[in-house]
Amino acid sequence: MAIDWFPLWLSLRVAAISTTIALVLGLWLAWALANRKFRGKEIVDAAITLPLVLPPTVLGYYLLVTFGRASPLGKVYEWAFGTPLVFTWQAAVVAALFHSTPLLIKSARAAFESVDHSFERAARNLGASEMRLFWRVTLPLTRRSILAAAALAFARALGDFGITLMIAGNIPGRTQTIALAIYDAVESGNGAAARMMVLVISAVALVILSLANRFATNPFGPRQTPL
Amino acid sequence: MIRARIRKQFPAGRDSAGFTLDVDLQAGSAITVLFGPSGSGKTLALDCIAGFVRPDEGRIMLDDDILFDGATGVHVPARNRRCGYVFQNYALFPHMTLRQNLQFAAERLPRLERHRKVNEMIEKFRLGDVPGRRPHQVSGGQKQRCSIARALIASPRFLLLDEPARGLDAPLREELYSILREVRADFRIPVLLVTHDLDEGFQLGDEMLVVRDGRIVQSGPPRTVIEQPASVEVARLLGLYNLLPVEIKALDPSRNSSRLRYKEFDLTGLYIPGHLIGDKVWMCIRRDEVRAMPREGKPGPNQIPATLENVIDRPGSLRLDFAEDLAAEMPHAQFNGSERAKEWLIEFPPASLRVI
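All figures in this text were calculated on a predicted structure; none of them were measured in a lab.

About the thresholds
- Residues numbered from 1 in each chain as written.
- Chains lettered and ligands numbered in written order.
- Predicted model: local features only at pLDDT ≥ 70, side-chain atom pairs only at ≥ 80, totals over all residues.
- Helix = DSSP H or I, 4+ residues; strand = E, 2+ residues; numbered from the N terminus.
- Buried ≥ 20, exposed ≤ 12 C-beta atoms within 10 Å, placed from the backbone.
- Contact = placed C-beta atoms within 7 Å.
- Pairing = 2+ DSSP bridges.
- Axes fitted to C-alpha atoms, helices over the stretch in contact; angles between N-to-C directions.
- Expected span 1.5 Å × (residues − 1).
- Parallel < 35°, antiparallel > 145°, perpendicular 65-115°, else oblique.
- Left-handed = near helix turned anticlockwise from the far one by under 90°.
- Nonpolar A, V, L, I, M, F, W, Y, C, P; charged D, E, K, R; others polar.
- Domains from an automatic or database assignment.
- Core = buried A, V, L, I, M, F, W, Y, C linked by C-beta atoms within 7 Å.
- pLDDT = per-residue confidence, 0-100.

Thoughts on the overall build of chain B
- Of regular secondary structure, chain B possesses nine helices and 21 strands.
- The C-alpha extent of chain B, read off along each of the three principal axes, is 80 × 50 × 45 Å.
- Put simply, chain B has 356 residues, and 37% of those count as buried.
- If you take every contact in chain B between residues at least 6 apart in sequence, the share linking residues at least 24 apart comes to 63%.

Right under this line is the structure:
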């Protein structure tokens with residue numbers, strides 16, 4: 001029988017877009033957490049970690065309340081784009097974003113904090129602005145950890161079920177990601193399709209995780225600070 | 001000329017004793033050495049001057065420019081201070097080649113000058129064989145030369161070095177010292193060097209500042225500091241002396257002599273101006289100025305019996321450590337034949353006895 005591959009493509013697309021957004025937002029937040037001192041920093045960090053531990057339904061509920069058609073944010077979105085956010089594939093992106101960004105921020109913060117302070121001091125001492133320091137020193141030094149974190153975030157975005165179900169729904173051909181499609185296939189007794197999709201998604205995740213592991217090895221010899 | 005008067009306090013915490021840096025220093029166009037033990041605050045002082053650490057109060061001036069002023073809240077950020085800084089671990093960017101490290105530093109220069117200046121530094125600091133390699137692929141000496149070249153490439157207005165010779169073997173040290181002497185001659189900028197190695201301070205310093213517990217306890221040319229330690233504290237830090245607490249028993253200016261009492265022994269010294277009979281003072285005697293000999297019979301004039309505890313073999317001489325914190329240095333040849341002797345006599349020539 002023919003298997004509908006739309007859910008896989010949708011999942012990959014959603015994960016790719018959400019990982020891109022997560023990199024932009026997440027790196028900025030992680031950098032601020034690692035380098036700036038501000039009040040309530042650890043509370044911000046805890047709030048960012050919350051999605052990792054809360055049940056997906058709780059997150060889905062929050063997002064539904066925040067982005068629903070009756071909410072101010074939902075209205076702004078509807079006014080700007082002409083359609084409501086909820087129950088579209090864009091909502092699946094939001095779901096994946098909230099599911100995966102915390103992981104990226106956590107790993108990126110740890111990576112930024114692991115950079116030897118003397119490199120940052122040296123860059124400033126040599127006249128570098130904070131921007132140049134970030135792009136030319138901090139980011140290249142942490143590039144591999146960041147790539148590994150992004151790969152993990154991508155894999156995690158692929159796997160979201162609960163949040164997507166709550167805010168994007170389970171509309172075949174529109175918002176049905178692979179996790180939802182597998183659930184549907186099992187529920188409707190379509191064992192062959194379920195088996196196939198499970199194997200494919202497992203293989204994809206395995207490849208991504210092994211890539212992440214390869215990124216995580218240190219490119220500059222055994223130590224970054226040769227004494 | 002750098003003038004820095006800075007104060008920085010770290011309050012005592014649950015697992016730290018607290019620390020206060022309170023220094024007032026000047027450094028002209030020569031090498032000024034900040035000498036002190038680990039944890040004395042010398043690197044912190046350097047970091048304040050470089051702009052990495054903001055002092056609580058005080059003022060840092062470079063010629064007529066204010067780099068920091070606590071009263072008006074001026075704090076020029078590190079990137080605008082035009083300060084060369086050689087880090088303890090070099091801090092060469094590991095993801096860049098040596099050439100790229102220099103280029104990064106040269107970006108402060110006008111575009112047309114960058115390329116020429118990078119090549120000039122590669123030539124001058126003998127990096128011509130390795131500019132395309134990364135720091136972990138080159139030798140310690142090459143890393144060291146590259147880090148100095150990087151600090152100097154944009155013509156800084158002053159140069160700071162944090163224990164640059166730490167972890168280097170003797171030939172590399174000598175190379176570093178000759179590079180620094182060249183830098184002093186070529187660049188004519190104030191150079192501040194932090195070290196806990198007295199030899200290094202003595203070899204390089206035109207001026208030496210002795211730092212202890214966050215304060216400068218003595219300053220002056222190294223030769224003067226070593227010959228006239230300002231306090232028992234400094235003398236202990238320098239670790240070159242026998243320190244004897246004595247009481248002045250007699251003073252005779254006409255014969256330029258004095259009689260001093262150390263425990264139950266009488267010593268004859270030179271006349272001590274500015275002190276009265278009965279004063280208790282510290283005498284400091286360089287270890288290489290005393291004479292030690294195995295004990296035979298009674299102690300003669302200016303001799304003190306002492307028990308040998310330890311013999312330390314050094315490349316040029318031997319150091320004999322005696323009980324009561326006394327020590328003497330002597331050539332190897334003089335010691336031969338006395339290996340068995342336990343009881344010794346230490347003789348303090350009158351001219352070697354100097355009051356602190």
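Observations concerning the overall build of chain A
- Per the secondary structure count, chain A includes 10 helices and zero strands.
- Listing the helices and strands of chain A from first to last along the sequence gives α-α-α-α-α-α-α-α-α-α.
- C-alpha atoms of chain A, sized along the principal axes, occupy 65 × 40 × 30 Å.
- Scored against the burial criterion, the 227 residues of chain A give a buried share of 38%.

A short note on the sheet that holds strand β10 (residues 207-212) of chain B
Residue and element names in this part refer to chain B.
- An order of β7-β8-β9-β3-β10-β11 is seen for the six strands of this open sheet, with the pairing classed as mixed. The open sheet has two edge strands with one neighbour each: β7 (83-86) and β11 (215-220). Put simply, the sheet's adjacent strands are angled 20 degrees from each other on average, direction ignored.
- With five bridges connecting them, β10 and β11 associate as antiparallel partners. Residue pairing for β11: R212 is matched across the bridge by R215.
- Running over the sheet, helix α4 (residues 140-152) touches β7 and β8 (158-162) and is turned about 170 degrees from β7.

A few points about α4 of chain B
Residues and elements named next belong to chain B.
- Over its 13 residues, α4 extends 19 Å from the first C-alpha to the last, a length consistent with the 18 Å expected when each residue adds 1.5 Å.
- Within α4, 11 of the 13 residues are buried, which leaves it mostly tucked inside the rest of the structure.
- All of the buried residues along α4 are Q142, K143, Q144, R145, C146, S147, I148, A149, R150, A151 and L152.
- Elements in contact with the buried residues of α4: β7, α2 (98-106), α3 (111-124), β8 and α5 (170-187).

Looking at the interface of chain A and chain B
- Listed as interface residues are 20 residues of chain A and, on the opposing side, 20 residues of chain B.
- Listing elements by their share of the side of chain A that touches chain B, those giving two or more residues are α6 (117-125) and α7 (130-158) of chain A.

Examining the sheet that holds strand β21 (residues 354-355) of chain B
All names here are of chain B.
- Ordered by their spatial adjacency, five strands build an open sheet running β14-β13-β12-β15-β21, and the pairing between neighbours is antiparallel. Looking at strand neighbours, the two that pair on one side only are β14 (265-269) and β21, the edges of this open sheet.
- Pairing of strand β12 (residues 241-252) with strand β13 (residues 257-262) involves five bridges; the strand directions are antiparallel. From the neighbouring strand, E247 faces β13, where its bridge partner is R261.

Focus: the packing of helix α3 (residues 56-67) of chain A against helix α5 (residues 89-113) of chain A
Residue and element names in this part refer to chain A.
- Across the interface, α3 lies against α5 with an axial gap of 11 Å and an inter-helix angle of 130 degrees. The pairing of α3 with α5 is recorded here as oblique in orientation. Considering only the axes of α3 and α5, their crossing is right-handed. For the pair α3 and α5, contact is made by L59, L63 and F67 and by V94, A95 and F98, respectively.
- Class assignment of the residues belonging to the contact of α3 with α5 gives a composition of six nonpolar, no polar and no charged.

Looking at helix α1 (residues 42-50) of chain B
Residues and elements named next belong to chain B.
- Burial of α1 is extensive: eight of the nine residues sit out of reach of the surface.
- Among the residues making up α1, those that are buried are K42, L44, A45, L46, D47, C48, I49 and A50.
- Phi turns positive one or two residues past the end of α1, at G51, with a value near 95 degrees.

A look at the domain arrangement of chain B
- Split into domains, chain B comes out as domain 1 (2-232) and domain 2 (240-355).
- Using only C-alpha atoms to locate each centre, domain 1 of chain B and domain 2 of chain B end up separated by 39 Å.

Notes on the environment of Q218 of chain B
All names here are of chain B.
- Within the secondary structure, Q218 is located in strand β11.
- With 21 C-beta atoms packed within 10 Å, Q218 lands in the buried category.
- When the C-alpha atoms of Q218 and R287 are compared, they prove to be 21 Å apart, with 69 residues separating the residues in sequence.
- If near-sequence neighbours (up to four positions away) are discounted, Q218 is found in contact with V210, V225, P229, A230 and V234.

Notes on the nonpolar core
- Formed by 98 residues in total, the largest nonpolar core has its most connected members in I49, L160 and I346 of chain B.
- Element by element, the count of residues in this core is highest for α1 of chain B, at six residues.
- Three or more residues apiece are contributed to this core by two domains, here domain 1 (2-232) and domain 2 (240-355) of chain B.
- One finds L63, A148, A168 and I201 of chain A within the second-largest nonpolar core, a separate group that totals 53 residues.

Brief notes about the confidence of the model for chain B
- Confidence in the prediction for chain B averages 90 pLDDT; 100% of positions are at 70 or higher.
- Predicted complex, confidence summary: ipTM 0.82, pTM 0.82.

Section: unusual backbone geometry
Residues and elements named next belong to chain B.
- For D213, which is not glycine, the phi dihedral falls at a positive 50 degrees.
- By secondary structure assignment, the location of D213 is in the loop between β10 and β11.
- With phi around 50 degrees, K263 is a residue other than glycine that occupies positive phi space.

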